[in-house]
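Spelled out from the first residue to the last, the chains are:
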Amino acid sequence: MKKLLFITLSTVLCSSMLFAQENQKDMKETKYRRSSLHTILIESSNFPKKDQVINAYYGAPFPDKYDNHNIGAKSFNPAKYSTDTVESKTPEVIEKYFKDEQIAKKMVAKWFNRQADGSFDYDLIGARGAFNASFLDTKTAAASSDGKALLATAGFELINNTFVVVSSMKFVENEPIARGIRDAAILAAQNAPGLVRMGIEKAAEIAYNKGKEGYSVWTTSYLYKLKWTPEVEGTFYQDMYGDKTTMTPAMKAKFDANTDLFQMEFVGSQKATTLVTFSLKEKRTEDQIINLSVTRNIEKVFAKLQKNYDVFKPKVPLYTGEPITAKIGLKEGLEGGDKFEVLEAVMDQKTGKIEYKSIGTIKVDGDKIWDNRFNLGDEAPAEGAIDRTTFKGGKKFYPGLLIRQLK
């Protein structure tokens, strides 16, 4: 039974990427395999409005180019995992948190929909790997001698692209910083001639009044990837995996044990700073400022992670082919001239493996970048605002092809 399930699901998974190319009529419904992501916040008690900041983090829109792989734990207190609160030790604190809380194992359990009795299934893998794909005839699937290998290929592609982003956030009011800059400028001008001193003092006061309102957010985000090697996969399937009919107490106990089989590996980190002041048109409430600054900062640091680490770069489907457009924009950090490769999913007929073949490159049109950054609900898009980014270069591209940013 397990072998038949391997075969049936695997064939379906490997056909999923070709579906977008066969059905180009409804561009808005294009589906594609995404990387999976869980986000965690390192709690801190040394910034103002802590509760509002944490609520804003929890309420921020999830990055829409990834599948939400939420395992429940959204934040943790670093003091529980280290006696050293120095910021330079943050990676060590994160790794201890991962180990103590068995985060990698929880990520695997989520993938295989683990139940209270220890049993697993392939429902989530099927849902994420076979978007809009028609299920093939069971007998045809069962006849495939490469069935199990096909599932391993599809599963490896999906599970091996599983990430956790842990963010450390500092949140400070702008007024004390602006006041300090003003006072320092005035103090430095004390020995200047009268008119010069008055000019400096006036300029410092203007700058203070302009910069004192709102908040600034400093965020460092650490990117980790689930280690899903052939060895890990093989041990899991051989010793721990069982469905409702095949799970045994021994298999359940092996997965429940405090094992080092499942691990997260560090990829890299990025920092971002966001300054948000009161609106010139309408005064925002304090909660609105916090929500906007936290969410914009999250968007900014994610854009940096995507640009700097190839493994974390999302593949995005083309929205239209003539003109060439895609539903990404300033939220993803796009700038005029940014280069993307255009990818076509190609299946090896012998092995069933899917490879992404580069069929050209395109560049962002600097005059037609979509401003898709988070805005407050009362900030409606301007009349005539664009809802997609336009690219230059290339011919005969069509909706459903994938694009991925190049350095």
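Everything in this summary refers to the structure shown in the same document. (Residues numbered from 1 in each chain as written. Predicted model: local features only at pLDDT ≥ 70, side-chain atom pairs only at ≥ 80, totals over all residues. Heavy atoms only, no water.)

### A look at the overall build of the protein
For the protein, the count of helices and strands is 12 helices and 12 strands. Taking all 407 residues of the protein together, the buried fraction comes to 45%. Sequence-distant contacts, at least 24 apart, represent 82% of the contacts inside the protein between residues at least 6 apart. Of the roughly 20,900 Å² of accessible surface on the protein, 52% is carried by carbon and sulfur atoms. (Helix = DSSP H or I, 4+ residues; strand = E, 2+ residues; numbered from the N terminus. Buried < 20%, exposed > 50% of the residue type's maximum accessible area, 1.4 Å probe, protein only. Contact = heavy atoms within 4.5 Å. Areas by Shrake-Rupley, 256 points an atom, 1.4 Å probe, with all protein chains shown as cover.)

### Here's the deal with helix H10 (residues 230-240)
Turning to H10, its buried residues number three or more, namely Val 232, Glu 233, Phe 236, Tyr 237 and Met 240. The arc that holds the buried residues of H10, viewed along the axis, is 125°, so those residues lie on one side. Exposed side of H10, more than 90 degrees from the buried face: Pro 230, Glu 231 and Gln 238 are the residues found there. (Arc of directions from axis to C-beta.)

### Some details on the packing of helix H2 (residues 50-59) against helix H12 (residues 286-308)
Relative placement of two packed helices is described by the angle separating their axes and the distance separating the axes. For the pair H2 and H12, the least separation of the axes is 9 Å and the interaxial angle reads 50°. Overall, the two elements H2 and H12 adopt an arrangement that is oblique. In this structure, the crossing between H2 and H12 has a hand that is right-handed. Contact residues: H2 offers Gln 52, Val 53, Ala 56 and Tyr 57, while H12 offers Glu 286, Asp 287, Ile 290, Asn 291, Val 294 and Ile 298. Across the contact of H2 with H12, the residue classes break down as 6 nonpolar, 2 polar and 2 charged. (Axes fitted to C-alpha atoms, helices over the stretch in contact; angles between N-to-C directions. Parallel < 35°, antiparallel > 145°, perpendicular 65-115°, else oblique. Left-handed = near helix turned anticlockwise from the far one by under 90°. Nonpolar A, V, L, I, M, F, W, Y, C, P; charged D, E, K, R; others polar.)

### Remarks on the pattern of salt bridges
Between side chains of opposite charge, pairing is possible as soon as their charged atoms come close. For the coordinates displayed, the defined rule picks out 18 salt bridges. As a salt-bridge pair, Glu 175 and Arg 179 come within 2.8 Å of each other at their nearest N and O atoms. Pair noted here: Glu 175 and Arg 179 are both in helix H8 (residues 174-188), with a separation of 4 residues, about one helical turn. Between Asp 256 and Lys 252 there is a salt bridge, with its nearest N and O atoms 2.8 Å apart. Separated by 4 residues within a single helix, Asp 256 and Lys 252 lie in helix H11 (residues 249-256), roughly one turn from each other. Owing to a relative accessible area of 39%, Asp 256 belongs among the partly exposed residues under this scheme. Among the charged side chains, a network of salt bridges with common partners joins Asp 64, Lys 65, Lys 331 and Glu 332. (Salt bridge = Lys/Arg side-chain N within 4 Å of Asp/Glu carboxyl O.)

### A few points about the pairing of strand E4 (residues 162-173)
A large share of E4 lies buried, amounting to 9 of its 12 residues. Relative to E4, strand E1 (residues 36-42) is paired through 7 bridges, and the arrangement is parallel. Note on E4: the bridge partner recorded for Ile 40 is Val 166. Two strands pair when backbone bridges link them, and E4 and strand E5 (residues 215-226) are joined in this way by 11 bridges, in the antiparallel orientation. (Pairing = 2+ DSSP bridges.)

### Remarks on a nonpolar patch on the surface
A cluster of nonpolar side chains, contributed by Ile 177, Ile 181 and Trp 218, occupies part of the molecular surface with about 290 Å² of accessible area. Relative to the elements of secondary structure, Ile 177 occurs in helix H8. According to the relative accessible area criterion, Ile 177 is partly exposed, its value standing at 41%. (Patch = residues over 30% accessible without salt bridge, like charges linked within 9 Å, V, L, I, M, F, W, Y side chains within 5 Å.)

### With respect to the packing of aromatic side chains
A complete count under the given rule lists 26 aromatic pairs for this structure. Taking 5.6 Å as the distance between ring centres and 85° as the angle between the ring planes, the aromatic pair formed by Phe 76 and Tyr 81 counts as edge-to-face. Each member of the pair, Phe 76 as well as Tyr 81, carries the same accessibility label: buried. With 6.3 Å between their ring centres and 90° between their planes, Phe 112 and Phe 120 make a pair best called edge-to-face. An identical accessibility class is assigned to Phe 112 and Phe 120; each is buried. Cluster of aromatic residues (ring-pair linked, three or more members): Phe 112, Phe 120, Trp 228, Phe 236, Tyr 237, Tyr 241, Phe 255 and Phe 262. The residue whose ring lies beneath Arg 182 is Tyr 208, and the NZ or CZ to ring-centre distance is 4.3 Å. Between Lys 315 and the ring centre of Tyr 356, over which it is positioned, the NZ or CZ distance is 4.4 Å. (Phe/Tyr/Trp six-rings, centres within 6.5 Å; stacked < 30°, edge-to-face > 60°. Lys NZ or Arg CZ within 6 Å of the ring centre and 35° of its normal.)

### Considerations on the side chain of Thr 259
Take Thr 259: it is sitting in the loop between H11 and strand E6 (264-276). Residue Thr 259 is classed as buried on the basis of its relative accessible area of 17%. The contacts of Thr 259, once residues within four sequence positions are left out, are Gln 102 and Lys 105.

### So, the nonpolar core
Within the largest apolar cluster, 38 residues are counted, with the highest numbers of intra-cluster contacts made by Phe 76, Phe 98, Phe 112, Phe 236 and Phe 262. With 6 residues, helix H4 (residues 103-111) is the single largest residue contributor to this core. Aside from chain neighbours lying at most four places away, what touches Phe 98 is Ile 40, Ile 103, Val 164, Val 166, Tyr 224 and Met 264. (Core = buried A, V, L, I, M, F, W, Y, C linked by side-chain atoms within 4.5 Å.)

### Points about the environment of Phe 374
Relative to the elements of secondary structure, Phe 374 occurs in the loop between strand E10 (354-364) and strand E11 (389-392). Linking Phe 374 and Ala 60, residues 314 residues apart in sequence, is a C-alpha distance of 8.8 Å. What Phe 374 contacts, discounting residues up to four positions off in sequence, is Pro 61, Asn 291, Leu 292, Thr 295, Arg 296 and Glu 299.

### Looking at the pairing of strand E7 (residues 316-320)
In terms of burial, E7 is a largely internal element, 5 of the 5 residues being buried. Where E7 meets strand E12 (residues 402-405), 2 bridges bridge the pair, whose relative direction is antiparallel. When the bridges of E12 are listed, Pro 317 appears paired with Leu 402. With 2 bridges joining them, E7 and strand E8 (residues 324-326) adopt antiparallel strand pairing. Along E8, the bridge assignment pairs Leu 318 with Ala 326.

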